[in-house]
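Results of the structural survey
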Amino acid sequence: MENWLDTYLKMLNSKPFAIEKKKGSLIGFNVNIDKIIAINPAKILQVIPTEIIPKLDFDKTPPSSVETLIDFFSCLFHSIKHGKADEVLTESQKLSNWIEEVFEIMKVKIGGQAGIIANLFSKLGLKKILLSLPVLDNSLTSLLEPNILTITMDKSGHSITPISKINNTEDEPIIHYVFEFTPGTYVIGDQKIVCKRDNRFILSYDKINTQLRFNEGFMDYCEEFLSEYSLAIISGFHLISQQEGSSQSFYDIIAPVETMLKKWKVTNPLLYLHLEIASTKDVKLRKTIIEVLFPLVDSIGLNEQELISFIEIINPKFASELRKNMSSVMFFKALNEILQHYPNIRIHFHYLGYFLILSKPIDYKKAQMRKQGLILSSLFAARNAEGREFTTFGDIHNVSLNIAINGYEDLKKLHNYLQSHFSTKESLHEDGLLFTPFFSLIGIPTIIVDNPKELVGLGDTISSVSILYETQ
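For every chain, the first residue of the written sequence is number 1, and numbering continues from 1 along that sequence. Predicted model: local features are reported for residues with pLDDT of at least 70 only, side-chain atom pairs are reported and counted for 80 or more only, and whole-chain, interface and lining totals are derived from all residues. By convention in this description, side-chain values take in all heavy atoms of the structure and omit both hydrogens and water.

1. What to know about the overall build of the protein chain
- Tallying secondary structure elements over the protein chain gives 16 helices and 19 strands in all.
- Expressed as lengths along the three principal axes of its C-alpha atoms, the size of the protein chain is roughly 65 × 65 × 45 Å.
- By the convention used here, residues are in contact when the closest approach between their heavy atoms is within 4.5 Å. Contacts spanning at least 24 positions in sequence make up 75% of the contacts within the protein chain whose residues lie at least 6 apart.
- Method for areas: the Shrake-Rupley scheme with a 1.4 Å probe, in which residue coverage is limited to the protein chains shown. Carbon and sulfur atoms form 50% of the exposed surface of the protein chain, whose accessible area is close to 19,900 Å². Secondary structure elements follow DSSP: runs of H or I of four or more residues count as helices, runs of E of two or more count as strands, with numbering from the N terminus.

2. Re the layout of surface pockets
- Throughout, the protein atoms alone are placed on a 1 Å grid, and a set of points is a cavity if a 1.4 Å probe fits but cannot get out or a pocket if it is open with protein on both sides within 12 Å along at least five of seven lines; lining residues have an atom within 4 Å of a point. Grid points are joined across faces, edges and corners, and a volume is the space filled by probe spheres set on the points. Looking at the largest pocket, its volume works out to about 870 Å³.
- Along the walls of the largest pocket sit 44 residues, with R197, L455, L458, G459 and I462 positioned nearest its centre.
- Mapped onto the lining of the largest pocket, the elements with two or more residues apiece are β2 (32–39), α5 (113–123), β12 (199–206), α10 (304–314), β16 (346–351), α13 (364–385) and α16 (458–471).
- For this classification, the nonpolar set comprises Ala, Val, Leu, Ile, Met, Phe, Trp, Tyr, Cys and Pro, the charged set comprises Asp, Glu, Lys and Arg, and every other residue, Gly included, is treated as polar. Tallied by class, residues from the lining of the largest pocket come to 20 nonpolar, 15 polar and 9 charged.
- Within this model, the second largest pocket holds a volume of roughly 730 Å³.
- In terms of lining, the second largest pocket is formed by 26 residues, of which the most central are H78, K84, Q305, I308 and R323.
- Looking at the lining of the second largest pocket element by element, the count peaks at 6 residues for α10.
- Here the residues of the lining of the second largest pocket are counted per class, giving 7 nonpolar, 10 polar and 9 charged.

3. Looking at the packing of helix α1 (residues 2–13) against α13
- Angles run from 0 to 180 degrees between N-to-C directions of axes, and those axes are lines fitted to C-alpha atoms, restricted for helices to the stretch in contact. Close contact between α1 and α13 brings their axes to 10 Å; oriented N to C, the two are set at 85°. Here α1 lies roughly perpendicular to α13, going by the angle between them. Every residue of α13 that contacts α1 at W4, T7, Y8, M11 and L12 is listed here: K371, Q372, I375, L376, S378 and L379.
- Taken together, the residues of the contact of α1 with α13 break down into 7 nonpolar, 3 polar and 1 charged. For classification purposes, an angle smaller than 35 degrees is called roughly parallel, one larger than 145 roughly antiparallel, one from 65 to 115 roughly perpendicular, and anything else oblique.

4. Remarks on helix α3 (residues 69–82)
- Expected helix span is computed as 1.5 Å times (number of residues minus one). Its 14 residues give α3 an end-to-end C-alpha distance of 20 Å, which sits within 8% of 20 Å, the value for a rise of 1.5 Å per residue.
- Those residues of α3 that sit buried are F72, F73, S74, C75, L76, F77, H78, S79 and I80.
- Directly after α3, the chain includes G83, whose backbone phi takes a positive value near 60°. A simple rule labels every residue: compare its accessible area, found with a 1.4 Å probe on the protein chains alone, to the largest value its type can have, and call it buried under 20%, exposed over 50%, or partly exposed in between.

5. Concerning the pattern of salt bridges
- One side-chain nitrogen of Lys or Arg within 4 Å of one carboxyl oxygen of Asp or Glu is enough to make a salt bridge. Summed over all chains, the structure comprises 14 salt bridges.
- Of the charged contacts, one joins E172 and R213 as a salt bridge, the two residues approaching to 3.0 Å between their closest N and O atoms. Here E172, found in the loop between β8 (157–162) and β9 (174–181), pairs with R213, found in the loop between β12 and α7 (216–220); they are 41 residues apart in sequence, far enough to count as distant.
- Taking relative accessible area as the criterion, E172 reaches 31% and is therefore assigned partly exposed.
- R213 gets classed as partly exposed once you look at its relative accessible area, which sits at 24%.
- Linking R286 and E312 is a salt bridge whose minimum nitrogen-to-oxygen distance equals 2.7 Å. In this pair, R286 is assigned in helix α9 (residues 283–293) and E312 in helix α10, connecting sequence segments 26 residues apart.
- Overall, E312 belongs to the partly exposed group, its relative accessible area being 26%.
- Via salt bridges that share partners, R346, K366, R370 and E470 belong to a single interconnected network.

6. What about the side chain of S328?
- By the element assignment, S328 lies in helix α12 (residues 328–341).
- For this analysis, a polar contact is any N or O atom pair within 3.5 Å, provided that within protein one partner can donate a hydrogen and the other can accept it, and provided that sequence-adjacent residues contribute only side-chain to side-chain pairs. Within the structure, the side chain of S328 is placed 2.8 Å from the backbone oxygen of D410, a separation counted as a polar contact.

7. Some words on α1
- Here α1 contains 12 residues, and its C-alpha end-to-end distance of 17 Å stays within 8% of the 16 Å for a straight helix at 1.5 Å per residue.
- Among the structural elements, α13, α14 (405–421), α15 (428–431), β19 (440–445) and α16 are those in contact with the buried residues of α1.

The following block contains the structure:
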């Protein structure tokens, strides 16, 4: 473990903030308003209506969308019971009003993977961040860093405009309620739920992102200056919902993005495309994302629940085994399943205690840079989890280097498995690198934050910092 402490210290002392800033980043597509709500066993008892308690069944699979209080609490408690991050949609203004009245909103901030990443990149000092906004609304733009750019249109055509110059109001729901829950025993009537870890449940009252609405200027105007950008991060596909009465399929909704990305790749073959995955409930939507986007992108980022749900499409039998045994070896096998089907993809897996990146074989120099990017992403994630506002690169020097022992042990178990199957000289758990003729694997134990205060956006931070460092 001491060598990992040295690795983290060396990264902090090596001026990691010397990221190349000449090339820009394109970011889309989900941007929304996050309203953070902290809950624990005591707070839940203060707000849950007594008349619905007998109607709750914690053994049933919760609904995929929420319209009533029973739906809402069923989904919330399912997430708490399993200690897992989850997200569901609602179209109920009545439910949104009830949440606003009953719960204490701790913080209002920019949300959505694209919004979170754009703000982070701005704070890292990138000068050219082009963000696709689903709507030009001051409620969104006021929460974004003022130097972020977007595409606007007037009588003379499209132009690139700083967020700070936008003055517009569009009254459409685009709110995500983020319920951050703590471990403990939640007593609901005569039922008990034991929650073993901090996590968050998101209720999205958001009709805009469910339509994958994005800035049309990206389709019509982007190609003119695409050579100025080296990285594109896309996200938000998990929110897509088929509108009642509409004949549009999931493919119909994603098809314009597919067309745009193909054009981007022709115009700028060096543009690196990263897809950030999120919890996606609909099986057909997951299948469409895999079939349409996986062949196009260079990289994906996902956590354990997302990995399980997407492996369910590629190999249903293995997904069932993985649910029963969520070990580092089984996670690797799942990642390798994706790589076998899509060898074009760099797969970044983030889990409590360790991160992994699996890809086709790469050289030692690139592997070292990839490892450094993971170390840097762990430092930033720890800073976020501590709930302290990030303003400059220097802030990560104040992070407590509490390296995950369990993460180290998980990497050691994975190393022992791989060593028994492949001829390799490297030590994954000691050096973070492992090379075979079939793949390269990079892994690090992460920093653990006791009693984390900020959970939403951690995965986005981890993936985006890592890919930015590696590609810049």
